[in-house]
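The residues making up each chain are set out below.
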Amino acid sequence: MLLWRERIPDDWLPRVLNNLPAILVDHAHLERKAATTAINLEKFRELYPHVDELNTIAIEELQHFQLVLGLLKQRGIPFGQPYPSPWITGLMRSIRHGTRQQAIDHLICCAFIEGRSCEKFQILARELRRADPALAQFYSSLVESEGNHYATYLLMARRLDGAETDRRLEFYLDFEAELLRQPHSLPILH
Ligand SMILES: [Fe+2]
Ligand SMILES: [Fe+2]
């Protein structure tokens, strides 16, 4: 995993634990967006050789989406509108134009989202063990998959251009830390 330059803020966990129904709705949308993003990456000519890998990610994310929808149903939580995440919006707005640069930035942003999801799901698996063992188990079951997505996206960027990926990682690690420090009170995972 990357050496992040900022820790998850202390107010993140209590906010998540106090808003679990809204968090699950947000999570469902995150999985939906992760599936569509993997498919959207296939529009980049540079990524044509990776179309199978991207489809595999899209299928897994769609399965995760279905699992979260199942949890919503079980718990009687309606599938509602998502809140936009300032952190994700900030990352996405930073993507440069120009096909090749766009693909590398996009892959790095996807890797960051997957990496932070992996980290946060691990925390939730631990913290929910007593209060909500079923949900703790669910989060634990997603950790490996999101970790693999993180690694796959980063490797894909490196295969396109290793030196440029490392340069952009330098930028993105600082930028992500800056975004993470911006306070908000929304009931969202990111
Ligand atoms: Fe996922
Ligand atoms: Fe993922």
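Predicted, not measured: the structure shown is a model, and the values here were computed from it.

Trainee: So what's going on with the side chain of Glu61? Which residues, and what values?
Mentor: Among the structural elements, Glu61 can be located in helix H3 (residues 51-74). Buried charged residue Glu61 carries no salt bridge. Nearest counter-charge: Arg32, at 12 Å. Only 3.0 Å separates the side chain of Glu61 from the side chain of His149, close enough to count as a polar contact. Glu61 has contacts with Glu31, Ala34, Ala35, Glu114, Glu146 and His149, leaving out every residue within four places of it along the chain.

Trainee: So what about the state of the cysteines? Which residues, and what values?
Mentor: Applying the stated criterion across every chain, the model contains zero disulfides. With no disulfide of its own, Cys110 lies 7.1 Å from the sulfur of Cys109, the closest cysteine sulfur. Between Cys118, a cysteine without a disulfide, and Cys110, which holds the nearest cysteine sulfur, the sulfur-to-sulfur distance is 15 Å.

Trainee: I'd love a proper account of the coordination of the iron ion (ligand 1), names of residues and values included.
Mentor: Looking at the iron ion (ligand 1), one finds its protein donor set to be Glu31 (OE), Glu61 (OE), His64 (ND1) and Glu146 (OE), positioned 2.0 to 2.2 Å from the metal centre. Here the iron ion (ligand 1) is ringed by four donor atoms whose angles at the metal span 89 to 142°, and the overall shape comes out irregular. Every donor residue of the iron ion (ligand 1) comes from the same chain, spaced as E-x29-E-x2-H-x81-E. Separating the iron ion (ligand 1) from the iron ion (ligand 2) is a distance of 3.4 Å, and Glu61 supplies a donor atom to each of them. Note that Glu31 is positioned in helix H2 (residues 20-40) and Glu61 in helix H3, a separation of 30 residues in sequence. The exposure classification of Glu31 matches that of Glu61, with both residues buried.

Quick notes on the rules
Residues numbered from 1 in each chain as written. Chains lettered and ligands numbered in written order. Predicted model: local features only at pLDDT ≥ 70, side-chain atom pairs only at ≥ 80, totals over all residues. Heavy atoms only, no water. Helix = DSSP H or I, 4+ residues; strand = E, 2+ residues; numbered from the N terminus. Buried < 20%, exposed > 50% of the residue type's maximum accessible area, 1.4 Å probe, protein only. Lys, Arg positive; Asp, Glu negative; His and termini not counted. Salt bridge = Lys/Arg side-chain N within 4 Å of Asp/Glu carboxyl O. Polar contact = N/O pair within 3.5 Å; in protein donor to acceptor, adjacent residues only side chain to side chain. Contact = heavy atoms within 4.5 Å. Disulfide = S-S within 2.5 Å. Donors = N, O, S within 2.8 Å, 3.2 Å for Na, K, Ca; no water. Tetrahedral: all angles 85-135°; square planar, octahedral: opposite > 155°, others 65-115°.

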